[in-house]
Amino acid sequence: MGSVKWVMSTARENMGKMVVGMLLSVLCVGFNVISPILYAQIIDDVIEGGQTDKLIPLCVGAIACAVLFVICTYTSQLLLEFGSQNTERELRKQLYAKLQKMDQNYYGANRTGDLMMKLTGDLDWVRHFTIFLIPQSITNFLTFLATLIIFLFYHWQLALMALIFTPFTVFLTVKVRRNMRPAHDRVRECVSQLNTLVQENISGNRVVKAFVREDYEIERFEEKNQAFRDASINTVRTWQRYAPILDGFSNCLTVVLLLFGGIFCINGSMTLGDLSLFLSLAWGLNGPMNMIGTVINDYQRFLASAEKIMTIYYAKPDIENPAHPYRPSAPKGDIEFRHVEYQYPSGSSPVLSDINLKAKAGQTIGIMGPTGCGKSTLVSLIPRFMD
């Protein structure tokens, strides 16, 4: 829930558009439910009952529901898209501004590909959460609830039979939630490693060619590429263990309604219009049951992405500018190190130890040594890229 609260807080400026869009989505649920009721009345009152005077009003009502449904759906999607896109843009701007304030230690501890993934693919899942997961969760719940109430009102015995697969669906849904989250985390980690490797090779292409390491880098890429492929296939396999069963439960619902609904019609306890209502509204139970797996699957992917983004959003630099920094009026160019020692946060021993150095203004000093001895680290300490 922490990730959801965080997303809602960042979407506060666009909440108005999104709320209106969701309310219109709720109206669409109403129009979808009303139409089958009108069709059932046409069968019972007009076709079976011979009340032809009701035909035109019922047809006009059905057409009105269809037109209003189209208008509300279009407006809802437009508002939700505007709200989600604006939220993603604003959040990306905030994250990029935060990265500009982070010190060198932060970039040393975080891979470039990982940071790129957070500002692109992970942010897109946050947008997907606002434009798809939230509206779908609300409309699916209301559709299921409205359909169940209508079923109970028209024929409670058949309604209870229609709910026979619900406990099994809930049980499988819980199992899906437990298994899909680790799978999505693994896929995301593999993508991050792959992005980092590609970025390093593109930016350091001349170094790779200078040391003739093309074959070695190709092998490294193939290893990461294969790991990503295996993780993706594992995610699909995990999902496919449950998806066919969930689809089977929802499809069996139609069979149950036809079988027992037909028996009730033969016995005279149910009209043909009522049976057509149940069959027309079967999607009201089928649809949400089918979408449960998809929503939970996408929700797990959203959680994995949101938690990664939050590590940037709430990160704090080790070196912060003071509220009232010292501004020298006539700075001199002398630089002096006195017994300086530095160790990287992830290191086990100091890179620099007991460094004493003094460079006067205008003086040129050469710092020499093998690769990794700390030359760049020493120079980076002067502008306080590291502390």
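The shown structure was predicted, so the numbers you read here are calculated from the model rather than taken from an experiment.

> Which residues make up the overall build of the chain, and what are the values?
Looking only at helices and strands, the chain has 14 helices and 2 strands in total. The principal-axis extent of the C-alpha atoms belonging to the chain is close to 105 × 50 × 35 Å. Classification of the 387 residues of the chain by burial places 39% in the buried group. A separation of at least 24 residues holds for 78% of the contacts in the chain among residues at least 6 apart in sequence. Total accessible area on the chain stands at roughly 22,600 Å², and carbon and sulfur atoms take up 61% of it. Looking at the chain, you have 36 positive and 33 negative side-chain charges, and the mean spots of the two groups are 7 Å apart.

> Give me the packing of helix α2 (residues 15–48) against helix α3 (residues 55–101): which residues, what numbers.
Where α2 contacts α3, the axes come no closer than 7 Å and their chain directions differ by 160 degrees. The orientation of α2 relative to α3 falls into the category roughly antiparallel. For α2 against α3, the interelement crossing comes out left-handed. Per-class residue counts for the contact of α2 with α3 are 23 nonpolar, 11 polar and 1 charged.

> Lay out the packing of aromatic side chains in plain terms, naming residues and giving numbers.
Both the distance between ring centres and the angle between the ring planes are used here to describe each pair of aromatic rings. Counted under the stated rule, the structure contains 6 aromatic pairs. A ring pair is formed by Phe151 and Phe278, whose centres lie 4.1 Å apart and whose planes are at 20 degrees; its orientation type is stacked. Note that Phe151 is positioned in helix α6 (residues 121–154) and Phe278 in helix α12 (residues 272–280), a separation of 127 residues in sequence. The burial state of Phe151 is the same as that of Phe278; both residues are buried. Of the aromatic side chains, those joined through ring pairs into one cluster are Phe129, Tyr299 and Phe302. Seen from the ring of Tyr216, Arg213 lies directly overhead, with NZ or CZ sitting 4.4 Å from the centre.

> Requested: an account of the pattern of salt bridges, with residues and values cited.
Two side chains bearing opposite charge may form a pair once their charged atoms approach each other closely. Tallying each qualifying case throughout the model produces 9 salt bridges. As a salt-bridge pair, Glu88 and Arg127 come within 3.6 Å of each other at their nearest N and O atoms. Taken together, the residues Glu88 in helix α3 and Arg127 in helix α6 connect sequence positions 39 residues apart. Under the relative-accessibility criterion, Arg127 is labelled buried at 17%. Note that Arg229 and Asp230 form a salt bridge whose closest N and O atoms lie 3.0 Å from each other. Judged by its relative accessible area of 46%, Arg229 falls in the partly exposed class. By relative accessible area, Asp230 is classed as partly exposed at 36%. Residues joined in a network through salt bridges with shared partners are Glu81, Glu88, Arg92, Asp124 and Arg127.

> Tell me about the nonpolar core, and name the residues and values.
The tendency in soluble globular proteins is for nonpolar side chains to be buried side by side. Core analysis: the biggest nonpolar cluster contains 28 residues, and Trp6, Leu95, Tyr106, Phe129, Phe302 and Ile312 have the highest contact counts within it. Among the secondary structure elements, those contributing two or more residues to this core are α1 (2–10), α2, α3, α5 (112–119), α6 and α13 (282–313). Per-element accounting of this core gives the leading share, 7 residues, to α13. In this structure Tyr106 touches Leu99, Leu115, Thr311, Ile312 and Ala315, once residues within four positions along its chain are discounted.

> Describe in detail α1, supporting the description with residues and values.
Three or more residues of α1 are buried, namely Ser3, Val4, Trp6, Val7 and Thr10. All buried residues of α1 project into a common sector of 160 degrees when viewed along the axis, lining one side.

> Could you give an account of a nonpolar patch on the surface, naming the residues involved and the relevant values?
Taken together, Ile335, Ile365, Ile367, Val379 and Ile382 make up a surface patch of nonpolar side chains, about 370 Å² in accessible area. Classification of Ile367 as partly exposed rests on a relative accessible area of 37%.

The rules we used
Residues numbered from 1 in each chain as written. Predicted model: local features only at pLDDT ≥ 70, side-chain atom pairs only at ≥ 80, totals over all residues. Heavy atoms only, no water. Helix = DSSP H or I, 4+ residues; strand = E, 2+ residues; numbered from the N terminus. Buried < 20%, exposed > 50% of the residue type's maximum accessible area, 1.4 Å probe, protein only. Contact = heavy atoms within 4.5 Å. Areas by Shrake-Rupley, 256 points an atom, 1.4 Å probe, with all protein chains shown as cover. Lys, Arg positive; Asp, Glu negative; His and termini not counted. Charge placed at Lys NZ, Arg CZ, Asp CG, Glu CD. Axes fitted to C-alpha atoms, helices over the stretch in contact; angles between N-to-C directions. Parallel < 35°, antiparallel > 145°, perpendicular 65-115°, else oblique. Left-handed = near helix turned anticlockwise from the far one by under 90°. Nonpolar A, V, L, I, M, F, W, Y, C, P; charged D, E, K, R; others polar. Phe/Tyr/Trp six-rings, centres within 6.5 Å; stacked < 30°, edge-to-face > 60°. Lys NZ or Arg CZ within 6 Å of the ring centre and 35° of its normal. Salt bridge = Lys/Arg side-chain N within 4 Å of Asp/Glu carboxyl O. Core = buried A, V, L, I, M, F, W, Y, C linked by side-chain atoms within 4.5 Å. Arc of directions from axis to C-beta. Patch = residues over 30% accessible without salt bridge, like charges linked within 9 Å, V, L, I, M, F, W, Y side chains within 5 Å.

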